[in-house]
Amino acid sequence: MKQLLTIALCIYGLSATAPSVAKAQSKTNDVSINVSTKVISSIEMITIQSMSLSKANMRNDRITIDPQTSSNAGKMIATGTPNADIRISFLRQRELTQSKGAKTLIFNYRVAGNSKDDQSTAEMLNRENRDFKFNSNGHFYLWIGGSVDISSATPGNYQGEFTVDVEYI
Amino acid sequence: MFDKSLFISAVLFFVCGWTGYAQQINFSQYHSYNLSVGELNSNNLDFGQVVSGSGQYSLDINSGKVISITGVQYLDVIVEVTFNDLYLNGNPANAGNSQKSIPFNLKAAYANNKGTPNIGQAKFINNISGNSFTVRFPILERQGRPPGPPPAPPTNAFDQSKVEETAYLYLFGSINVGNVDAGPYSSDITVTINYD
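Caption draft 1: Fine view of the overall build of chain B. Each helix and strand in chain B was counted, giving one helix and twelve strands. Scanning chain B from its N terminus toward the C terminus, one meets helices and strands in the order α-β-β-β-β-β-β-β-β-β-β-β-β. A total of 196 residues make up chain B; the buried ones form 28% of that total. Of all intrachain contacts in chain B linking residues separated by at least 6 positions in sequence, the fraction that spans at least 24 positions is 80%.

Here's what the structure looks like:
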């Protein structure tokens, strides 16, 4: 009887170890990867008012429009993603061409910008500027002025372009 | 005499019960086989700054996420991947809102060549549809012959480092930016890797 009990316990002991092998687990490995992007709105430029040279004051054969104070300054609004950082650059000098003729004048642009619709507190811009951003409505205001020497100009109408680049940083 | 026969019956019941359970051994699922998963590059899939309505942007395999899978070279792994579109502010509540979500097209490949696998040897996973896929492959590709018999169960003498290899999983893809609201968009890819 004692021998039978011993054998039985041995069999039980062996079989009891088997499940610990069969139930062994493979390890699970999880990785999480973030996918992201930042969407911005395309920038649009809206011309509110063209610069008016004919109404500007002339002094010493030079017409000057102060972009911070003159009501003859041109006005534009750049629209884009609210609060986004932007870079603004423009060409300081452009050629004005006589409408009916070949004469030209060199116009020296000066530009002031403000995130508020307030010309008097607008900041003068350098040729390239990186410290601006759209306001909470996605607007940035620009006033365009400058000066032109007309001492050697032939009477007539002159036309030219102003180029300003506004881009996200 | 009665007591003795009762005792034998009880013992046989125990033995039969445990023996039957012990036959359910899966040779590829031993806890002593380690499987480690790492991120070879810290990059997440960042498409950077994009303009609303500007269309498709892609990150190719060279710019994607690389996951290393190190384990027993002759065992298969099952890789389960789930992913979603990108949502404005990462908010899943924006799912289905075309103005606040960006479709994400996930692409994937793996390399399990002998030596140091590289992108040029990657095998592309072509059957990705919906928002998930599962792929199974050996840590080390079969070296020109069919798979061998199941491996012997590991013992104390088993040294995994002698049969260890690393495979690589590459995740990349593209987004299609429609006329969506401006802001940050994100979602997560979840990768689960187990021995088969």
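Caption draft 2: Quick peek at the nonpolar core. By size, the foremost hydrophobic cluster in this structure holds 42 residues, and its most contacted members are I69(B) and L169(B). Breaking this core down by element, the ones donating at least two residues are β1 (29-40) of chain A together with β2 (45-51), β4 (65-72), β5 (76-82), β6 (86-88), β8 (104-111), β11 (164-177) and β12 (183-195) of chain B. Per-element accounting of this core gives the leading share, seven residues, to β11(B). Not counting residues within four places of it along the chain, the set of residues in contact with I69(B) comprises V37(B), V77(B), I139(B), T166(B), A167(B), L169(B) and I193(B). Residues M76(A), F107(A), V111(A) and A112(A) belong to the second largest nonpolar core, which totals 23 residues.

Caption draft 3: Just the sheet that holds strand β13 (residues 164-168) of chain A, in detail. Residues and elements named next belong to chain A. The strand order across the open sheet built from three strands is β10-β6-β13, with neighbouring strands paired in antiparallel fashion. Both edges of this open sheet fall to β10 (128-133) and β13, since each of them pairs with a single strand only. Across the sheet, the mean angle from the axis of one strand to that of its neighbour is 25°, orientation sign disregarded. Across five bridges, the pairing between strand β6 (residues 85-90) and β13 is antiparallel. Of the residues in β13, the one forming a bridge with S89 is D165.

Caption draft 4: Structural detail: the environment of L140(B). Residue and element names in this part refer to chain B. Within the secondary structure, L140 sits in the loop between β10 (132-138) and β11. A C-alpha to C-alpha distance of 8.0 Å links L140 and L75, two positions 65 residues apart in sequence. Once residues within four sequence positions are removed from consideration, L140 is found in contact with Q73, Y74, N112, K114 and E165.

Caption draft 5: Local environment of the confidence of the model for chain A. Per-residue confidence for chain A averages 81 on the pLDDT scale, and 83% of its residues sit at or above 70. Across residues 1-26 of chain A the pLDDT falls below 50, and counting only partners more than four positions away or on other chains, this stretch makes 29 contacts in the model.

Definitions and limits used
Residues numbered from 1 in each chain as written. Chains lettered and ligands numbered in written order. Predicted model: local features only at pLDDT ≥ 70, side-chain atom pairs only at ≥ 80, totals over all residues. Helix = DSSP H or I, 4+ residues; strand = E, 2+ residues; numbered from the N terminus. Buried ≥ 20, exposed ≤ 12 C-beta atoms within 10 Å, placed from the backbone. Contact = placed C-beta atoms within 7 Å. Core = buried A, V, L, I, M, F, W, Y, C linked by C-beta atoms within 7 Å. Pairing = 2+ DSSP bridges. Axes fitted to C-alpha atoms, helices over the stretch in contact; angles between N-to-C directions. pLDDT = per-residue confidence, 0-100.

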